[in-house]
Amino acid sequence: MNKITLVIFVILFSLKSAAQDFTLDDINGNQVRLSELLKKGPVFLQFWATWCVPCKEEMKVLNQIYNKYRDSGFVYVAVSIDDQKTVSKVKPFIESRGYEFITVYDTDKSVFSSYGGQDPPFSVLLDTKGNVIKSYSGYIQGDDVKLENDILNAIQMNRQ
Amino acid sequence: MTSISNTYLTVVLLLCTVNLFSQINVKVSASNQFRFGTGKENILSGDISKKYFEELGDLRLFINDFQLGARFEYDDPIEFGKGKKGMSRRFIEFRKEAFLTRAGNFYEIFAKGLTLNSFESRPIGFNTEFDGARINYRHTFGKKNKVRVNATVLGGGMDYTDINDTSRTENYSIRAANFGISPVSLFNIGFSYLFANGKIPTGNILTEIDAEIYEANFGFNWKSLDMFISYANKVTILHPNQVYTKSEAPRGDGAYASVSFAGSKFGVNVEYKNYRFNLVTPDKRGATSPFKPLPFQNAPSCIKVYSTTLLSRFPHNVDFGDEVGFQTDVFYSPYDRLTVNLNASLSSRHYDYYDSDTTVLTRYQRIDRKYSFLPSVKNEFSPYWEFFVEAEYQLNKNMKAKLGFARKTSVLYSIVDPSSSDIIRAVTIPAEFQYQFGRIYGIKLTTEFQRAFNSLRSDEKHYNSQYTSLVLSRSPDVIVAGNFEFTDDEEDPSGKKFWANGELTYKFSSSNIITLSYGSERGGLKCSSGICRYVNPFNGFRLTLVNNFN
């Protein structure tokens, strides 16, 4: 019994962490497929909601990082987990701030759950094979330094 | 010798299995949440001891086109809702091209939720999870003129535990389907149908119902303009019993619409709701009524979701059976440093009622009105309205400030004795200041002042509340917070006037977090999607451990 348990644990922890490919609608009604985005470079998925204050602070920082590294293949996707009561505010919020990154809807939180998300802000940084390099729970002031370093490392790893 | 060969065999087995799994593309995702609390809850009769212990582990395994998921839950006891011990969720999902099928536990939303919106909200102990099967087909036809189709068929059971009385559990057997088509990129139309057989407890008696809901929706998307409209109609067929002796089949309906426009630096969203799923006289309303909106029907609430303490102090409990109203949200960002958010909403019941009985008995009679599709601000309609404006200004790279103003009024009208109506009015001024220094250090000061009026206070009806929170952080791993709240309300349900607690959060890694807190919390109504429960004031210790093993 102990050996079976050991085998199961070794298998689970030797596996690479990632979720399956997904297709979600963006705020303009287009379908966005993760595997297509991964062809460009590392992808940062930020799960957020219009009612989540730290999410919007993190989004501001990520937008600056995205504008800095988008030409290097970095892709930032804001995945809205707003449910039916707030989802109609997503597009006016994003466009009024002039954000140009991809924003998609995950209204039933299926993609959010598949990455083990519990509460927003929650983010994952993916390499071009779709493997999770790092996941992030919460956002505090000063996290921009760490986020930028991680993203820069992911871009450099992709070049090698 | 035997032990050596056993060890050898185990290692070989491990290597072979890992190698096999790596070839067939196996991935895993796991998360865990542990919550523990001990202390005292303040209720009207005094202090009672309160303890909770919740362990929640989620595991997902991805094997090529398959996904297997399981949740292990151990509550001893749970803080809110009905506790579980053992495996509380399991499913298997298969995804191939346009098809997505799942067997086991799942949640689902059709359109905006007028027919079906099942979800879980642990902070209020709400859960409308399916145990059954679901098939989804989603495909885009054509290359130039794309036609998009989305269809879902599902069936299963649902056990819903009443959030305010965990001894009441309603059982439903549900069959439902949803179809949506977008023949051109400009618009899409959708239809949904749901049949439910339900067993709803009324005291010791189970009342059986059959309910059917039909829904149609239309969406329009042109450049920066988005429109959506949805209409649902529900019929509930009652099986007579000792409580409800006559066969009845009342109808109810609901409509929702939204328009949003997003331009450069400016965005606006207007929502309208008209929910009449159980438009009855006041004596026939209630959580145990078999004709109520079903627990898996959760339409948009059309009220603002606040994230700060005093602003969320007087939330609105949406009555999906009888409510009409609208909400407007405006986002304005004239330049990079300044953003402004403005929100206004108004909701009320559709009709006023009067007591037509001249004896000691009460017989409610509806007063019809022409414009019942619009909300009213008259007290007789139990209105709820609020206005909120907030401006955020980035002073420089390291400093930003927020200032807001909120006004809300909530009325729960008493027809029998209007002078005992529950009227609450509140003006709240929230402010926030953030400063970042040394690149990784941060300080955040939040303060809220509130002037409130409560008609049910026997003596002084006006009172003030003050909330202050100071947060110090060192990125990426330490957060220290102190929260203080004061009121001069002589009749606060807890009998207290001051609450203070301290919180320490430490991040072991970017997604493994422990939070410890100690002190007193004021409590109050806690809401999710317009569904509210009262949370008692709490004084004690809390520990939360969140892990993500990605």
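None of the values given here were measured: they were computed from a predicted structure.

J.: Honestly, the packing of aromatic side chains in this entry has me stumped. Any pointers?
T.: Within a pair of aromatic rings, the relevant descriptors are the distance that separates the centres and the angle that separates the planes. Using the criterion set out here, one finds 32 aromatic pairs over all chains in the structure. Note on Phe187 of chain B and Phe218 of chain B: the rings are 5.7 Å apart at their centroids and 35 degrees apart in plane angle, and the pair reads as tilted. On the criterion of sequence distance, the pair formed by Phe187 of chain B in strand β11 (residues 187–202) and Phe218 of chain B in strand β12 (residues 205–222) is long-range, its members being 31 residues apart. Classification of Phe187 of chain B as partly exposed rests on a relative accessible area of 29%. Residue Phe218 of chain B is classed as partly exposed on the basis of its relative accessible area, which comes to 35%. Through a chain of ring-to-ring contacts, the aromatic side chains of Phe44, Tyr66, Phe74, Tyr76, Tyr99, Phe101 and Tyr136 of chain A assemble into a single cluster. Over the aromatic face of Phe80 of chain B sits the side chain of Lys50 of chain B, whose NZ or CZ is 5.2 Å from the ring centroid. Of note, Arg366 of chain B hangs over the ring of Tyr351 of chain B, and the distance from its end group to the ring centre comes to 3.9 Å.

J.: What exactly am I supposed to notice about the nonpolar core here?
T.: One recurring pattern in soluble globular proteins is that nonpolar side chains are buried together. Of all hydrophobic cores here, the largest spans 50 residues; its most connected members are Leu45, Phe47 and Tyr115 of chain A. Of the residues forming this core, the biggest block, 7 residues, is contributed by helix α3 (residues 53–69) of chain A. Those residues in contact with Leu45 of chain A that sit more than four places away from it in its chain are Phe22, Leu34, Val77, Val79, Tyr115, Phe122, Ser123, Val124 and Leu126 of chain A. With 32 residues, the next largest nonpolar core counts Leu114, Tyr244, Tyr256 and Val318 of chain B among its residues.

J.: In this structure, what is going on with the environment of Lys265 of chain B? I would like to understand it.
T.: Checked against the element boundaries, Lys265 of chain B lands in the loop between β14 (251–263) and β15 (266–276). Overall, Lys265 of chain B belongs to the partly exposed group, its relative accessible area being 41%. On a C-alpha basis, the gap between Lys265 of chain B and Gly404 of chain B in space is 20 Å, while along the polypeptide they are 139 residues apart. Every residue in contact with Lys265 of chain B, bar those within four places of it in the chain, is listed here: Glu95 and Ser96 of chain A together with Phe331, Tyr332, Ser333 and Pro334 of chain B.

J.: Where do I start with the interface of chain A and chain B in this structure?
T.: One frequent convention defines the size of an interface as the accessible area lost when the parts assemble. Each side of the interface is counted separately: chain A has 64 residues, and chain B has 86 residues. Our count for the chain A to chain B interface comes out at 6 salt bridges. Close ionic contact of Glu392 of chain B with Lys60 of chain A constitutes a salt bridge, the shortest N to O distance being 3.7 Å. Inspection of the region where chain A meets chain B yields 26 residue pairs in polar contact (both at pLDDT 80 or more). Within the residue set of the side of chain A that touches chain B, elements represented by two or more residues are α1 (2–14), β1 (23–25), α3, α4 (90–96), α5 (110–114), β6 (122–126), β7 (132–137) and α6 (143–159) of chain A. By residue number, the principal contributor to the side of chain A that touches chain B is α1 of chain A, which donates 7 residues. When grouped by side-chain class, the residues that make up the side of chain A that touches chain B number 22 nonpolar, 23 polar and 19 charged.

J.: What is the right way to look at the pattern of salt bridges in this model?
T.: Side chains carrying opposite charge are able to pair once their charged atoms draw close together. All names here are of chain B. For the structure shown, the criterion picks out 49 salt bridges over all chains. Where Arg89 meets Glu120, a salt bridge forms, and the shortest distance between an N and an O atom there is 3.2 Å. Note that Arg89 is positioned in strand β4 (residues 85–96) and Glu120 in strand β6 (residues 120–121), a separation of 31 residues in sequence. Taking relative accessible area as the criterion, Arg89 reaches 11% and is therefore assigned buried. Taking the relative accessible area as the measure of exposure, Glu120 reaches 27% and is therefore partly exposed. The partner of Asp253 in a salt bridge is Arg276, and the shortest N-O contact between them spans 3.4 Å. Taken as a pair, Asp253 in strand β14 and Arg276 in strand β15 lie far apart in primary sequence, 23 residues in all.

Scoring rules and cut-offs
- Per chain, residues are indexed from 1 in the order of the written sequence.
- By the order in which they are written, chains take letters starting at A while ligands take numbers starting at 1.
- In keeping with the model being predicted, local features are shown solely for residues with a pLDDT of at least 70 and side-chain atom pairs are shown and tallied solely at 80 or more, while totals for entire chains, interfaces and linings include all residues.
- As a rule here, side-chain values come from all non-hydrogen atoms in the structure, and water together with hydrogens is ignored.
- Think of it this way: a Phe, Tyr or Trp ring, Trp meaning its six-membered ring, pairs with another when their centres are within 6.5 Å, and the plane angle makes it stacked under 30 degrees, edge-to-face over 60, tilted otherwise.
- Secondary structure elements follow DSSP: runs of H or I no shorter than four residues count as helices, runs of E no shorter than two count as strands, and numbering proceeds from the N terminus.
- Burial here depends on accessible area, computed with a 1.4 Å probe over protein chains only, as a share of the maximum for the residue type. Under 20% is buried, over 50% is exposed, and the range in between is partly exposed.
- A ring is scored as having a charge over it whenever the NZ atom of a lysine or the CZ atom of an arginine sits within 6 Å of its centre and within 35 degrees of its normal.
- Grouping buried Ala, Val, Leu, Ile, Met, Phe, Trp, Tyr and Cys residues that are joined through side-chain atoms within 4.5 Å yields what is termed a nonpolar core.
- By the convention used here, residues are in contact when the closest approach between their heavy atoms is within 4.5 Å.
- Think of a salt bridge as a Lys or Arg side-chain nitrogen and an Asp or Glu carboxyl oxygen that are within 4 Å of each other.
- In protein, a polar contact requires one atom able to donate a hydrogen and another able to accept it; more generally it is a pair of N or O atoms within 3.5 Å, and residues adjacent in sequence count only if both atoms are side-chain atoms.
- Just so you know the grouping, Ala, Val, Leu, Ile, Met, Phe, Trp, Tyr, Cys and Pro go in nonpolar, Asp, Glu, Lys and Arg go in charged, and all remaining residues, Gly too, go in polar.

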